[in-house]
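One letter stands for each residue in the lines below.
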Amino acid sequence: FAVAKKYFCEKNNSTNISPSGNSTDLYQFNAQAGDQVALSQLSLDGLSPFWRLVGPYGDVAYQSFFSDSGTLTLPLPGTYTLLLEGQVAANGAT
(Lines give C-alpha, C1' and ligand atoms only; values in the text may rest on other atoms or scores of the structure.)
Protein backbone atom coordinates (compact mmCIF):
# COMPACT_ATOMS: atom_id res chain seq x y z
CA PHE A 1 0.00 0.00 0.00
CA ALA A 2 3.04 2.26 0.03
CA VAL A 3 2.21 3.48 -3.49
CA ALA A 4 -1.33 4.54 -2.56
CA LYS A 5 -2.35 8.10 -3.33
CA LYS A 6 -3.21 10.13 -0.26
CA TYR A 7 -6.84 11.18 -0.24
CA PHE A 8 -8.19 13.79 2.12
CA CYS A 9 -11.79 13.13 3.06
CA GLU A 10 -14.07 16.07 3.44
CA LYS A 11 -17.81 16.29 3.44
CA ASN A 12 -19.15 15.48 -0.04
CA ASN A 13 -15.68 15.17 -1.56
CA SER A 14 -15.40 13.39 -4.91
CA THR A 15 -12.69 12.41 -7.33
CA ASN A 16 -12.32 10.58 -10.61
CA ILE A 17 -11.05 7.07 -9.94
CA SER A 18 -10.53 5.00 -13.03
CA PRO A 19 -8.25 2.00 -13.27
CA SER A 20 -7.57 1.12 -16.87
CA GLY A 21 -8.22 -2.46 -17.85
CA ASN A 22 -7.13 -4.87 -15.16
CA SER A 23 -5.05 -2.43 -13.09
CA THR A 24 -5.73 -1.33 -9.52
CA ASP A 25 -5.78 2.22 -8.13
CA LEU A 26 -5.11 2.71 -4.42
CA TYR A 27 -6.19 5.66 -2.27
CA GLN A 28 -5.55 6.20 1.44
CA PHE A 29 -7.19 8.31 4.10
CA ASN A 30 -6.95 8.61 7.87
CA ALA A 31 -9.99 8.10 10.08
CA GLN A 32 -11.00 7.84 13.70
CA ALA A 33 -13.04 4.99 15.15
CA GLY A 34 -16.70 5.78 14.53
CA ASP A 35 -16.08 8.00 11.49
CA GLN A 36 -18.57 7.42 8.71
CA VAL A 37 -17.91 7.27 4.98
CA ALA A 38 -20.03 6.48 1.95
CA LEU A 39 -18.64 5.27 -1.36
CA SER A 40 -20.83 6.46 -4.20
CA GLN A 41 -20.71 5.57 -7.88
CA LEU A 42 -21.32 8.80 -9.74
CA SER A 43 -20.64 7.42 -13.22
CA LEU A 44 -19.24 4.35 -14.89
CA ASP A 45 -17.61 3.92 -18.29
CA GLY A 46 -16.94 0.34 -19.33
CA LEU A 47 -16.76 -2.80 -17.24
CA SER A 48 -17.78 -2.73 -13.62
CA PRO A 49 -14.72 -2.48 -11.34
CA PHE A 50 -14.55 -3.92 -7.83
CA TRP A 51 -13.79 -1.82 -4.80
CA ARG A 52 -12.39 -2.93 -1.50
CA LEU A 53 -11.80 -0.86 1.64
CA VAL A 54 -8.99 -2.24 3.78
CA GLY A 55 -8.64 -1.22 7.42
CA PRO A 56 -5.51 -0.24 9.35
CA TYR A 57 -4.69 -3.85 10.27
CA GLY A 58 -5.36 -5.39 6.85
CA ASP A 59 -8.96 -6.32 7.55
CA VAL A 60 -11.48 -5.84 4.73
CA ALA A 61 -14.00 -3.30 6.00
CA TYR A 62 -16.07 -3.31 2.78
CA GLN A 63 -16.00 -4.92 -0.65
CA SER A 64 -18.38 -4.93 -3.58
CA PHE A 65 -18.70 -4.51 -7.30
CA PHE A 66 -18.85 -0.83 -8.17
CA SER A 67 -22.07 0.49 -6.63
CA ASP A 68 -23.03 2.74 -3.74
CA SER A 69 -21.96 1.40 -0.36
CA GLY A 70 -24.42 3.18 1.85
CA THR A 71 -23.01 4.66 5.05
CA LEU A 72 -20.09 2.71 6.52
CA THR A 73 -19.03 3.23 10.13
CA LEU A 74 -15.29 2.66 10.46
CA PRO A 75 -14.52 0.51 13.51
CA LEU A 76 -10.86 1.42 14.11
CA PRO A 77 -8.66 4.51 14.07
CA GLY A 78 -5.87 4.61 11.51
CA THR A 79 -5.14 4.60 7.81
CA TYR A 80 -7.68 3.03 5.46
CA THR A 81 -6.85 2.04 1.89
CA LEU A 82 -9.43 2.01 -0.90
CA LEU A 83 -8.58 -0.32 -3.79
CA LEU A 84 -10.45 0.16 -7.04
CA GLU A 85 -9.72 -2.93 -9.08
CA GLY A 86 -10.28 -3.40 -12.81
CA GLN A 87 -11.36 -6.75 -14.21
CA VAL A 88 -9.01 -9.41 -15.53
CA ALA A 89 -11.11 -9.71 -18.71
CA ALA A 90 -10.75 -5.98 -19.47
CA ASN A 91 -7.42 -6.54 -21.28
CA GLY A 92 -8.24 -9.93 -22.73
CA ALA A 93 -6.44 -11.81 -19.95
CA THR A 94 -7.81 -15.15 -18.80
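Residues numbered from 1 in each chain as written. Predicted model: local features only at pLDDT ≥ 70, side-chain atom pairs only at ≥ 80, totals over all residues. Heavy atoms only, no water.

Account for the pairing of strand β4 (residues 50–54), naming residues and giving values.
Across a regular strand the side chains alternate sides, sitting on one face of the sheet and then on the other. In terms of residue burial, β4 counts as a mostly covered element, since four of its five residues are buried. Examined bridge by bridge, β4 and strand β5 (residues 60–65) share five bridges and lie antiparallel to one another. Bridge pairing in β5 links Trp51 to Ser64. The antiparallel hairpin formed by β4 and β5 contains five residues in its connecting segment, where Gly58 sits at a positive phi of about 90°. Where β4 lies against strand β7 (residues 78–85), five bridges are found, and the strand directions are antiparallel. Its bridge partner being in β7, Trp51 is matched across the sheet by Leu84. (Buried < 20%, exposed > 50% of the residue type's maximum accessible area, 1.4 Å probe, protein only. Helix = DSSP H or I, 4+ residues; strand = E, 2+ residues; numbered from the N terminus. Pairing = 2+ DSSP bridges.)

How would you summarise the confidence of the model for the protein chain if you had to cite specific residues and measurements?
Residues at a pLDDT of 70 or more form 62% of the protein chain, whose mean pLDDT is 76. Within the protein chain, the lowest mean pLDDT, 58, falls on strand β1 (residues 5–6), and the highest, 94, falls on strand β6 (residues 71–73). (pLDDT = per-residue confidence, 0-100.)

Run through the environment of Gln28, naming residues and quoting values.
Note on placement: Gln28 falls in strand β2 (residues 24–31). Taking the C-alpha atoms as reference, Gln28 lies 4.4 Å from Thr81; in sequence the two are 53 residues apart. For Gln28, the side chain forms a polar contact with the side chain of Thr81, separated by 3.1 Å. (Polar contact = N/O pair within 3.5 Å; in protein donor to acceptor, adjacent residues only side chain to side chain.)

Mind laying out the nonpolar core, listing which residues take part and the relevant values?
Core analysis: the largest hydrophobic core is formed by 14 residues, its most contacted members being Phe29, Trp51, Leu53 and Leu74. Mapped by element, the contributors of at least two residues to this core are β2, β4 and β7. Apart from the residues within four sequence positions on either side, Trp51 is in contact with Leu39, Ser40, Gln41, Tyr62, Gln63, Ser64, Phe65, Phe66, Ser67, Leu82, Leu83 and Leu84. (Core = buried A, V, L, I, M, F, W, Y, C linked by side-chain atoms within 4.5 Å. Contact = heavy atoms within 4.5 Å.)

Explain the pattern of salt bridges residue by residue, including any values.
Taken as a whole and assessed by the stated rule, the structure comprises one salt bridge. Glu85 serves as the salt-bridge partner of Arg52, at 2.9 Å between the closest nitrogen and oxygen. Taken as a pair, Arg52 in strand β4 and Glu85 in strand β7 lie far apart in primary sequence, 33 residues in all. Residue classification places Arg52 among the partly exposed positions, given a relative accessible area of 22%. Overall, the relative accessible area of 18% leaves Glu85 in the buried class. (Salt bridge = Lys/Arg side-chain N within 4 Å of Asp/Glu carboxyl O.)

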